[in-house]
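Reading the structure
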Amino acid sequence: MTIQNLTEFFREKRAHAPAKDIDWEQRQQEWIAAIDGLYQIVTTEWLAPAIQNGLVQVDYRPKKITEDFLGTYEVREMVLRVGEEMVTFSPKGRNVIGVQGRVDLVGEMGEVPLVVQQPGNEWAILAPRSTPTRLIGLDEKTLLLALKDVMRP
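Residues numbered from 1 in each chain as written. Predicted model: local features only at pLDDT ≥ 70, side-chain atom pairs only at ≥ 80, totals over all residues. Heavy atoms only, no water.

With respect to topology, seven strands assemble into an open sheet ordered β1-β2-β3-β4-β5-β6-β7, the strand pairing being antiparallel. Two strands lie at the open edges of the sheet, namely β1 (57–67) and β7 (135–137), each paired on one side alone. Put simply, the sheet's adjacent strands are angled 30° from each other on average, direction ignored. Across five bridges, strand β3 (residues 85–93) lies against strand β4 (residues 102–107) in antiparallel orientation. Bridged to F89 within β4 is L105. (Pairing = 2+ DSSP bridges. Helix = DSSP H or I, 4+ residues; strand = E, 2+ residues; numbered from the N terminus. Axes fitted to C-alpha atoms, helices over the stretch in contact; angles between N-to-C directions.)

Below, the structure written as structure tokens:
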């Protein structure tokens, strides 16, 4: 069958598209839970000694995000205070190509994107200037390197 115009083309595409019901509310809730899981591991495992010794103060502040299909929703940013310096874990969005969401680690010297992947909500650092795109697993050591990249020397 020859398609005569764009309207016919899209009608054919839609007629043959698989039916896919996406639960956007569930995706939003899973994304918020992934963010909270990241904050939990950072504060209770990796930074716990520094927090207990008063070297780092942790605060949270609300942030609104608006995304296609998910609408407008609220998440928390996590702010680390080290003396007069601040580093913010700032969620960017759930609908990110190739991953399940992105949180930027933002400091005075720049930003480092953190991304979450399925299965298991595994967090990784998006390697800068890497072609092809390379992900580095997020753990206590790689978080330290990322913090050194975004904080003053």
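L38, F89, L105 and W123 are the most contacted members of the largest nonpolar core, which totals 32 residues. For this core, the secondary structure elements donating two or more residues are α2 (24–46), β2 (71–82), β3, β4, β5 (110–117), β6 (122–126) and α4 (140–150). Of all the elements, α2 adds the most residues to this core, at eight residues. Once residues within four sequence positions are removed from consideration, L38 is found in contact with F89, V103, L114, W123 and L138. (Core = buried A, V, L, I, M, F, W, Y, C linked by side-chain atoms within 4.5 Å. Buried < 20%, exposed > 50% of the residue type's maximum accessible area, 1.4 Å probe, protein only. Contact = heavy atoms within 4.5 Å.)

Ring pairs (aromatic) are described by centroid distance and by the angle formed between their planes. Within the structure shown, the criterion is met by five aromatic pairs. Ring plane angle 65° and centroid distance 5.1 Å describe the contact between F9 and F10, whose orientation is recorded as edge-to-face. The exposure class of F10 is exposed, given its relative accessible area of 51%. Look at Y39 and Y60: their rings are 5.9 Å apart centre to centre, the planes differ by 45°, and that puts the pair in the tilted class. Of this pair, Y39 sits in helix α2 while Y60 sits in strand β1, placing them 21 residues apart in sequence. When its relative accessible area of 1% is taken as the criterion, Y39 is described as buried. A relative accessible area of 36% places Y60 in the partly exposed class. Counting every residue linked through ring pairs, the aromatic cluster contains Y39, Y60 and F89. (Phe/Tyr/Trp six-rings, centres within 6.5 Å; stacked < 30°, edge-to-face > 60°.)

Our next topic: a nonpolar patch on the surface. Taken together, the side chains of L6, F9 and F10 present a nonpolar region at the surface, about 330 Å² in accessible area. Topologically, F10 is positioned in helix α1 (residues 6–16). (Patch = residues over 30% accessible without salt bridge, like charges linked within 9 Å, V, L, I, M, F, W, Y side chains within 5 Å. Areas by Shrake-Rupley, 256 points an atom, 1.4 Å probe, with all protein chains shown as cover. Salt bridge = Lys/Arg side-chain N within 4 Å of Asp/Glu carboxyl O.)

The pairing of β1 with β2 spans eleven bridges and is classified as antiparallel. In the strand pairing of β2, I65 is matched with Y73. Between β1 and the antiparallel strand that follows it, β2, lie three residues; F69 among them carries a positive phi value of about 70°. Pairing analysis gives five bridges linking β2 to β3, with the strands arranged antiparallel. Bridge pairing links M78 to F89 in β3. Counting the residues between successive antiparallel strands, the hairpin from β2 to β3 contains two residues, one of them, G83, with a positive phi of roughly 60°.

Read these as geometric descriptors, not functional statements.
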